[in-house]
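The residues making up each chain are set out below.
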Amino acid sequence: MGTELGVYKTCVSARSTSKEILKKAQDGGIVTQLFAYALDEGIIDGAIVAGPGPEPWRPMPMVALTSEELMASRGTRYNLSPNVALIKEVTRSYGLDKVGIVGTPCQMQAVRKGQLYPAGLRDVPDKIALAIGIFCMENFPYQSIKQLVEDHAGMALPAVKKMEIGKGKFWVYGERGQVVTLPLKVTHKYEQPGCHVCLDYVANLADVSTGSVGSPDGWSTVFVRSKKGDDIWSKAMAAGCFETKPIEQVKPGLELVSKLANEKISKNQKTVESRATFGVNKALRNPYVSPK
Ligand code: SF4
C-alpha cells in the first residue's frame, strides 16, 4: 500500500463505547465521540459540524458547543455542507480559541491551506485544535439527493431514516423498515462535477480520519495521522471512549480501502489530465499546478 492512504501513525477499526452516540451514528460514532471527549476535556471549546438544515437531509454547518449539540449532527448527509465557511466566524463572534472541525478531504485541504496561506483568515491558523476528516468518494448537490431518493428510490425525504453508499450500491432506509437500493451507475450523473478532480479519498490532511470502508457494519476505520491527533486519540482511548480492533484482524480491512482510494485517484487523475487538452489548443485550468 502506498501514498493513496496518506501519512498515518496508526490505523484501527473502532467504535464508540457510548450506546447513546451509537444509536444514531452512521458507523462507529467516531467523530461525535472524539469531539465530545475533546469538549469535555477542554481540548476544544467548540466544533464546526454539519447540523440539521432547513429541509430534510440538507445539512447546515453549525458550531456545537455542547455534547447535546454534537448529537444533532450524527449521520451522513450526502450533500454539500460548507463547514469551512464558519472557520473565521468561529474565532470572532463565537470567541473560540480551540476549534474542532469535521469535514470531507477537500475541506481538510481548505483548513490546512488556510493555516499555511491565511489569506483573509487572521487569527485562524493557530486556533485549529482538532481537524477530523471523513472518507469521501464523491458528493452530491441537494437537488441530486432529492431526485435520487424521491424519483429513483420512490421515497419521500422526510420518511428516510438513513442513507448509505456501500457495497457498490446507494442504500435508502425508510423510517418504517423499507430498504431501497440503487446501483451506483444511476447515481453517477448526479455527482457534483468538482468531485471529479479530487485526488484524496481518506482525508490525508486531517489529524484523525475515519470512514466506514474497511470495517464491519457499526464500526469505523480510523487513521490517526498527526501528533496532535495521536495525543487526543491516545487520551480518549485511555478514558475508555473507544473499543478497537487491529485493522489487520478485521474484514475487509485496509486492502479494500486502498483499492477504492487507488480507483478514485486514478479515475480523477485522468480527468485532471484530460483538462489539458479539453479545448482546441486551449486547456482548462488545473488547480494542482501554478498558472504560467
Ligand atoms: S470527492 Fe473530494 S471534492 Fe468531492 S466532496 Fe469529496 S473530498 Fe470534496
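Look a little higher up for the structure.
Remember, predicted model here, so these are calculated numbers, not experimental data.

## Considerations on helix α8 (residues 254-274)
Taking 1.5 Å as the rise per residue, α8 with 21 residues should run 30 Å; its terminal C-alpha atoms sit 30 Å apart, in good agreement. Looking at α8, one finds that the buried residues are Leu-254, Val-257, Ser-258, Leu-260, Ala-261, Lys-264, Asn-268 and Val-272. Buried residues of α8, seen end-on, are gathered within an arc of 165° and therefore sit on one face of the element. Exposed and facing more than 90 degrees away from the buried side of α8 are Glu-255 and Lys-270.

## Some words on the pairing of strand β2 (residues 46-52)
Most of β2 sits inside the fold, with six of its seven residues counted as buried. As judged from the three bridges shared by β2 and strand β4 (residues 99-103), these two strands associate in the parallel manner. Bridge pairing in β4 links Ala-47 to Gly-100. Where β2 folds back onto strand β3 (residues 59-64) in an antiparallel hairpin, the turn is made up of six residues, including Trp-57, whose phi is positive at roughly 70°.

## As for the pattern of salt bridges
Scanning the entire structure with this criterion turns up ten salt bridges. Measuring nitrogen to oxygen at the nearest pair gives 3.0 Å for the salt bridge that ties Glu-243 to Arg-15. Placement of the pair is Glu-243 in strand β11 (residues 242-246) and Arg-15 in strand β1 (residues 10-16), with a sequence separation of 228 residues. The partly exposed category is assigned to Arg-15, whose relative accessible area is 26%. Between Arg-92 and Asp-123 there is a salt bridge, with the nearest N and O atoms lying 3.8 Å from each other.

## Observations regarding the site of the ligand
The local shell around the ligand consists of Thr-104, Pro-105, Cys-106, Cys-136, Met-137, Glu-138, Asn-139, Gln-192, Cys-195, Cys-198 and Lys-264. Residues belonging to the shell around the ligand are distributed by class as follows: six nonpolar, three polar and two charged.

## Structural notes on the nonpolar core
If you look at the biggest cluster of nonpolar residues, it comprises 29 residues, and the most contacted ones within it are Leu-34, Phe-35 and Trp-233. Of all the secondary structure elements, the ones that give two or more residues to this core are β1, α2 (30-40), β2, β3, β5 (128-134), β10 (220-224) and α7 (227-238). The leading source of residues in this core is α2, at eight residues. If we ignore the near neighbours within four places in the chain, the residues touching Trp-233 are Val-12, Ala-14, Ile-30, Leu-34, Val-222, Val-224, Phe-242 and Thr-244. Ranked by size, the runner-up nonpolar core spans 17 residues in total, among them Tyr-78, Ile-145, Leu-148 and Phe-170.

About the thresholds
- Residues numbered from 1 in each chain as written.
- Predicted model: local features only at pLDDT ≥ 70, side-chain atom pairs only at ≥ 80, totals over all residues.
- Heavy atoms only, no water.
- Helix = DSSP H or I, 4+ residues; strand = E, 2+ residues; numbered from the N terminus.
- Expected span 1.5 Å × (residues − 1).
- Buried < 20%, exposed > 50% of the residue type's maximum accessible area, 1.4 Å probe, protein only.
- Arc of directions from axis to C-beta.
- Pairing = 2+ DSSP bridges.
- Salt bridge = Lys/Arg side-chain N within 4 Å of Asp/Glu carboxyl O.
- Near = heavy atom within 4 Å.
- Nonpolar A, V, L, I, M, F, W, Y, C, P; charged D, E, K, R; others polar.
- Core = buried A, V, L, I, M, F, W, Y, C linked by side-chain atoms within 4.5 Å.
- Contact = heavy atoms within 4.5 Å.

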